[in-house]
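# Structural characterization, general
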Amino acid sequence: MPVRPPLRLAAFVMDTVSHIQHGLWRHPEARQHEFDDVRMWIDLAKTLERGRFDTLFFADVVGLYGPADGDYTVNAREGLQVPNADPSILAAALATHTEHLGLAFTSSVLQAHPFEFARRVSTLDHLSRGRIGWNIVTSALDGAARNFGHDRLEEHDERYAWAQEYVDVVAKLWEGSWDDDAFRADKAAGVVSDASGIHRIDHVGQRYRVAGPHLSKPSPQRTPVLFQAGSSPAGRAFAARNAEAQFILTSTREKTAELIASTRADVAAAGRLPEDLLFFLGLTFVIGSTEEEARRRSAEIDELLSPDGFLLHSNLGYDPETGAALDPDTPLSQVKTQLGQSHLQWLREASPDREPTIRDLAGLSAKLRARVVGTPEQIADELEQWQDIGVDGINVMNWWLPGSYEEFVDHVVPTLQDRGLVQREYAEGTLRRKLFGHDQLPDRHPARRWRGAFS
Ligand SMILES: Cc1cc2nc3c(=O)[nH]c(=O)nc-3n(C[C@H](O)[C@H](O)[C@H](O)COP(=O)(O)O)c2cc1C
């Protein structure tokens, strides 16, 4: 039998109280309302390293869910992604308490100027000795656009065009601005850096004008590992060109296999190797020592779920033009939304018998497809099946922090390791080396064309 490559594990979290599983923060063991206490995160990061997780992956938003001018009673009451804190700053703290764990965080093209962002990421990549990942998002919330001087979001595909220019600017700074040997620290010669190896990028584009040079010297990975989520045609094209890891949502195995195969074909068409993009599937686990126990625990979780929270998170319960609440019996096909198309598609697929309505949403979002309920052996069986259709890693969503990961690490990881499904030890080196065997982007990645381009 061929040896399986290890499935990669990411822990999907957010520096806030209620990230995905709304209502669960009320569980007696849940501690995510202490998200401002760095000690909780340090403990969690250490637990993940004990379980040989590849990366801790922070979601982030820079605006409220719901209509831009809307009421935010539910956001506040449910702790739905607010209050929150900046994950890039938290990543700095966690870098000093961990050795191997990748630290990936989300940052929208909306929120930070690319020059500032490039320097922040280079600083973090130095600090962590090459363990930073960046989840590139465009923001799907009008409220976020309002916070950065825009009246509303740009249209869906235009947001990806914006993201492409943003990636070009930061890649010019990371890849092209400094030669490898420009920083000399030569005391005898009295030379810190050699100016002939440091280049302006003189970027002039539709949205940005950035002269450079980059103010950081090259970090271990130069460009952080590039993550992306979003599977619309524009999202896929963006991923095929730029991303090294893509977060995908569950669907049927056939549809997931199709999505992976066709995106890999797009990656190859972009001049890269199909295996240059890893697919991480979002799943959440309810673990029991028997199947019956797992089912009982799953039912207990259902009792805590907040329908209001799921409806708000779906961003679908209102008319995006007027902000008015929609009739709960409106079919999803009639809902105009700026929400990610992959999410909408997922909701439809989760309800194959009939077109779901807004009223169905809470149940569907929390639904069983992304939820794996069973013993560690049953969970391992299920993960093997996902791996067989091309999934490279699992984006493990939690019910509550830090307990969901402690359970997973203590009860599921050993079974997965016994089957050779996940790694027992870390490889040495940067996050990219652990995932792909090399520290920096390979020559075939489009961002590498900036190397030497400004000499
Ligand atoms: C697993 C997953 C995680 C995501 N995390 C974030 C996030 O933290 N912040 C954010 O603004 N958008 C996030 N998104 C939204 C995506 O970046 C993207 O905007 C969305 O999926 C729409 O893309 P599409 O229309 O190409 O499908 C996430 C999406 C997925 C599937």
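Check the entry above for the structure.
Summarised in this report is the structure supplied together with it. What you are looking at is a predicted structure, and each value in this text was computed from that prediction instead of being measured. (Residues numbered from 1 in each chain as written. Predicted model: local features only at pLDDT ≥ 70, side-chain atom pairs only at ≥ 80, totals over all residues. Heavy atoms only, no water.)

### Notes on the overall build of the protein chain
So the rule is basically this: Think of it this way: any DSSP run of H or I at least four residues long counts as a helix, any run of E at least two long counts as a strand, and we number them from the N terminus. Every radius of gyration here is taken over C-alpha atoms, with the globule rule written as 2.2 Å times N^0.38, N being the number of residues. For every residue, the accessible area (1.4 Å probe, protein chains only) is compared with the maximum for its type, and the residue is labelled buried under 20%, exposed over 50%, or partly exposed between those bounds. Any two residues whose heavy atoms approach within 4.5 Å at even a single point are treated as in contact. We count Lys and Arg on the positive side and Asp and Glu on the negative side, and we leave His and both chain ends out. Note that the charge is assigned to NZ on lysines, CZ on arginines, CG on aspartates and CD on glutamates.
Within the protein chain, the secondary structure is distributed over 15 helices and 13 strands. At 22 Å, the protein chain has a C-alpha radius of gyration in line with the 23 Å of a compact globule built from 455 residues. Its C-alpha atoms give the protein chain principal-axis dimensions of about 70 × 55 × 45 Å. When the 455 residues of the protein chain are sorted by exposure, 56% land in the buried category. Across the protein chain, every contact between residues at least 6 apart in sequence was considered, and the portion connecting residues at least 24 apart equals 77%. Separation of charge centres in the protein chain, based on 49 positive and 66 negative side chains, amounts to 4 Å.

### Things to note about empty space enclosed by the protein
We count it as follows: Here a cavity means grid points, on a 1 Å grid over the protein atoms only, where a 1.4 Å probe fits yet cannot get out; a pocket means an open set of points with protein on both sides within 12 Å along at least five of seven lines; lining residues are those with an atom within 4 Å of a point. Grid points are joined across faces, edges and corners, and a volume is the space filled by probe spheres set on the points.
Using the criterion set out here, one finds 4 cavities of 30 Å³ or more in the structure. Quantified by volume, the largest cavity comes out at close to 120 Å³. Lining of the largest cavity is provided by 13 residues; of these, Val17, His19, Ile20, Gln32 and Asn398 occupy positions nearest its centre.

### Comments concerning the pairing of strand S5 (residues 183-186)
The criterion, for reference: The pairing criterion for strands is at least two bridges between them, as found by DSSP.
Pairing analysis gives 2 bridges linking S5 to strand S6 (residues 191-193), with the strands arranged antiparallel. Looking at the pairing, Asp186 lines up with Val191 of S6. Connecting the antiparallel pair S5 and S6 is a turn made up of 4 residues, with Gly190 showing a positive phi of about 70 degrees.

### Details of helix H14 (residues 403-418)
The criterion, for reference: The span you would expect from a helix comes to 1.5 Å times its residue count less one. Here the bend at each residue means the angle between axes fitted to two seven-residue stretches, the one ending at that residue and the one beginning there.
The first and last C-alpha atoms of H14 sit 23 Å apart over 16 residues, in line with the 22 Å expected at 1.5 Å per residue. Its maximal kink placed at Val412, H14 deviates by approximately 40 degrees, while the proline Pro414 follows within four residues. Along H14, the residues that are buried comprise Gly403, Ser404, Tyr405, Glu407, Phe408, Val409, Val412, Val413, Thr415, Leu416 and Gln417. Of the surrounding secondary structure, the elements contacted by the buried residues of H14 are strand S1 (8-14), helix H1 (38-50), strand S11 (278-287), helix H9 (291-304), helix H13 (376-388) and strand S13 (393-397). A positive phi of about 70 degrees marks Gly420, the residue just after H14.

### Structural notes on the packing of H1 against helix H3 (residues 87-95)
The line we're drawing: As a rule, the C-alpha atoms of each element are fitted with a line to give its axis, helices using only the stretch in contact, and angles between N-to-C directions run from 0 to 180 degrees. Angles are sorted into four bins: roughly parallel if under 35 degrees, roughly antiparallel if over 145, roughly perpendicular if 65 to 115, and oblique for all others. The hand of a helix crossing depends on one turn: near helix anticlockwise from the far one by less than a right angle means left-handed, and clockwise means right-handed. Under the scheme applied, nonpolar residues are Ala, Val, Leu, Ile, Met, Phe, Trp, Tyr, Cys and Pro; charged residues are Asp, Glu, Lys and Arg; polar residues are all the others, including Gly.
In the contact formed by H1 and H3, the axes pass within 10 Å of each other and the chain directions differ by 60 degrees. Relative to H3, H1 is oriented oblique. Classified by chirality, the crossing of H3 by H1 is right-handed. Along the contact surface, H1 presents Val38, Trp41, Ile42 and Ala45, while H3 presents Leu90, Ala93 and Leu94. Grouping the amino acids of the contact of H1 with H3 by side-chain chemistry returns 7 nonpolar, no polar and no charged.

### A short note on the layout of surface pockets
It is the rolling of a water-molecule-sized probe over the atoms that shows where space remains empty. Put simply, the second largest pocket is a space of about 360 Å³. Lining the second largest pocket are 22 residues; nearest its centre among them are Val74, Leu311, Leu312, Gly317 and Tyr318. Listed by contribution, the elements that provide at least two residues to the lining of the second largest pocket are helix H2 (73-78) and helix H10 (307-314). Considering only residue class, the lining of the second largest pocket consists of 13 nonpolar, 7 polar and 2 charged.

### Overview of unusual backbone geometry
Going from Gly212 to Pro213, the amide bond is cis rather than trans, its omega being 0 degrees. For the bond from Leu401 to Pro402, the omega torsion is -10 degrees, close enough to zero to count as cis. A positive phi angle, near 45 degrees, is found at Ala185, a position not held by glycine. Along the chain, the position of Ala185 falls in strand S5.

### Concerning the environment of Pro331
Inspection of the secondary structure puts Pro331 in the loop between H10 and helix H11 (341-349). Measuring from C-alpha to C-alpha, the distance between Pro331 and Thr357 comes to 4.1 Å, with 26 residues separating the pair along the chain. In contact with Pro331, other than residues within four places in its own chain, are Glu355, Pro356 and Thr357.

### Looking at the pattern of salt bridges
The criterion, for reference: Note on definitions: salt bridges are taken to be side-chain nitrogens of Lys or Arg within 4 Å of carboxyl oxygens of Asp or Glu.
On inspection of all chains with the given rule, the structure shows 31 salt bridges. Here Arg444 and Asp276 are joined by a salt bridge, their closest N and O atoms 2.7 Å apart. Taken as a pair, Arg444 in the segment after helix H15 (431-436) and Asp276 in the loop between helix H8 (253-269) and S11 lie far apart in primary sequence, 168 residues in all. The class for Arg444 is partly exposed, based on a relative accessible area of 32%. Judged by its relative accessible area of 6%, Asp276 falls in the buried class. Arg371 is paired through a salt bridge with Asp302; the nearest N and O atoms lie 2.8 Å apart. Linking Arg371 in strand S12 (residues 371-374) with Asp302 in helix H9, this pair joins segments that are 69 residues apart in sequence. Classification of Arg371 by relative accessible area gives buried; the value is 6%. What you see here is one network of salt bridges that share partners, running through Arg77, Glu78 and Asp308.

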